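One-letter residues, chain by chain:
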Amino acid sequence: MATISDVAARAGVSTATVSRALNGKSTVDPTLAARVQEAAAELGYHPNGLARNLRRQETAVLALIISDVENPFFTAIARGVEDLAQRSGYSVVLCNSDENEDKERRYIEVALQERVAGVVLSPTGRSTNVEGLRRQGTPLVAVDRPLQAAEGDQVLVDTRHAAAEATRHLLAGGYRRVGCLTGPPGVRTAEDRLAGYADVVGEENVLFRRGEYRAEGARLATLDLLDEPSPPDALLVANSTMAIGVLEALSARGLRPGSDVGIVSFDDAPWTTLVDPPLTVVAQPAYEVGRVAAQLLLARITDSTRDATTTTLEARLIVRKSSRR
């Protein structure tokens, strides 16, 4: 993304001249103003909205409210948001809702009170309420999980398709009874991953457990599945934090990933290549989710009349030894 300094260098003028020219100040020589406008058009430069925010007594700060700061997926989203926002002259305040609706509501209230320039939000669930942001006219982009009846921009990943692909991969590898560990009811990502899995195995063969997106809940759920009369010989796991609990449960039962129980987990956390055997994963483009969200938010700050958009990105199956006999 081009900066005001880039425009100044291209036009051969100072950044102050660029600012005055783009704001239509009559004190700028028409020839210089035309040169600045031409340079801005060539570079695709758009003002970052800072002056507009100051006029509205807002700050050049974006609020990023994510569901779980310990989950590498969300930290990668945060990095994508922060990198692009910083280059555009904005700071980012990180808020961890911790999958807690009350904490999420308090952070939204803080964003309203502090009159932040915009909000990137990963909703905790169906009860997420952003009406206050809409009433105040605060630009909003939802990431990972859509808002109910959303009117703002959204950046999502097609995890239903990815879950189906991962399930087919396990069946193609010779596993015959594939189970699924997914997240809480009402969370769109949990529902989509379960639905993609069910699309492949068929409703009559569905074997699943729900839990919070946490390691301990996944450990207990895995032990419960292994105690089934016909236990699964493979598992699709909804995220990398849950995968830790799955591996702990298998170790406790003396079972080895791959040879005894095939494992595919969502999210390519840094540790997934360090375990033995390395973990097969569904890699979501988390950094790109954050970058696109910040891009959409800054565009919304500049022009609030833009039509709302939903950007859906694709995940990628990375095959390693945990899904091989």
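Residues numbered from 1 in each chain as written. Predicted model: local features only at pLDDT ≥ 70, side-chain atom pairs only at ≥ 80, totals over all residues. Heavy atoms only, no water.

## Observations concerning the sheet that holds strand β10 (residues 280–283)
Strands in a sheet are paired, the pairing made by backbone hydrogen bonds, and the direction either parallel or antiparallel. The six strands are arranged β7-β6-β8-β9-β10-β12 in an open sheet whose pairing can be described as mixed. Each of the sheet's edge strands pairs with one partner strand only, and the pair in question is β7 (208–210) and β12 (316–318). Adjacent strand axes in the sheet meet at a mean angle of 15 degrees, parallel and antiparallel pairs treated alike. Where strand β6 (residues 178–182) and strand β8 (residues 234–237) come together, four bridges link them in parallel fashion. Bridging across to β8, cysteine 180 finds its partner in leucine 236. Contacts between helix α10 (residues 215–226) and the sheet are confined to β6, β7 and β8, with β6 contributing the most and set at about 155 degrees to the helix. Sheet strands in contact with helix α11 (residues 240–252) are β6, β8 and β9 (262–266), and its direction is about 160 degrees off that of β9. (Pairing = 2+ DSSP bridges. Helix = DSSP H or I, 4+ residues; strand = E, 2+ residues; numbered from the N terminus. Axes fitted to C-alpha atoms, helices over the stretch in contact; angles between N-to-C directions. Contact = heavy atoms within 4.5 Å.)

## Remarks on α10
Its 12 residues place the ends of α10 16 Å apart at the C-alpha level, agreeing with the 16 Å of an ideal helix rising 1.5 Å per residue. Residues Ala218, Ala221, Thr222, Leu223, Leu225 and Leu226 constitute the buried set of α10. Those residues of α10 that are buried lie in contact with β6, β7, β8 and α11. (Expected span 1.5 Å × (residues − 1). Buried < 20%, exposed > 50% of the residue type's maximum accessible area, 1.4 Å probe, protein only.)

## So, helix α5 (residues 72–87)
Side chains three or four residues apart in an α-helix point the same way, a direct result of the helix having 3.6 residues per turn. Between its first and last C-alpha atoms α5 spans 23 Å; for 16 residues at 1.5 Å apiece the expected length is 22 Å, and the two agree. Buried within α5 are the following residues: Phe73, Phe74, Ile77, Ala78, Gly80, Val81, Asp83, Leu84 and Ala85. Here α5 starts with a cap whose side-chain oxygen sits 2.9 Å from the backbone nitrogen of phenylalanine 73, and that cap is asparagine 71. With its phi angle positive at about 90 degrees, glycine 89 sits one or two positions after the end of α5. (Polar contact = N/O pair within 3.5 Å; in protein donor to acceptor, adjacent residues only side chain to side chain.)

## Some details on the pairing of β6
Counted residue by residue, β6 has five buried out of five residues, so it is predominantly covered. Side-chain alternation along β6 places Val178, Cys180 and Thr182 on one buried face and Gly179 and Leu181 on a second face that is also buried. With three bridges connecting them, β6 and β7 associate as parallel partners. Each bridged residue has a counterpart across the sheet, and for cysteine 180 the counterpart in β7 is phenylalanine 208.

## What about the packing of aromatic side chains?
By the definition in use, this model includes one aromatic pair. Geometrically, the ring pair formed by phenylalanine 73 and phenylalanine 74 is edge-to-face, given 5.1 Å between the ring centres and 70 degrees between the ring planes. Here phenylalanine 73 and phenylalanine 74 have matching classes, each one buried. (Phe/Tyr/Trp six-rings, centres within 6.5 Å; stacked < 30°, edge-to-face > 60°.)

## Brief notes about the side chain of threonine 159
Looking at where threonine 159 falls in the secondary structure, it is placed in helix α8 (residues 159–172). By relative accessible area, threonine 159 is classed as buried at 2%. When residues no more than four places from it in sequence are discounted, the contact partners of threonine 159 are Thr189, Asp192, Arg193, Phe266 and Gln284.

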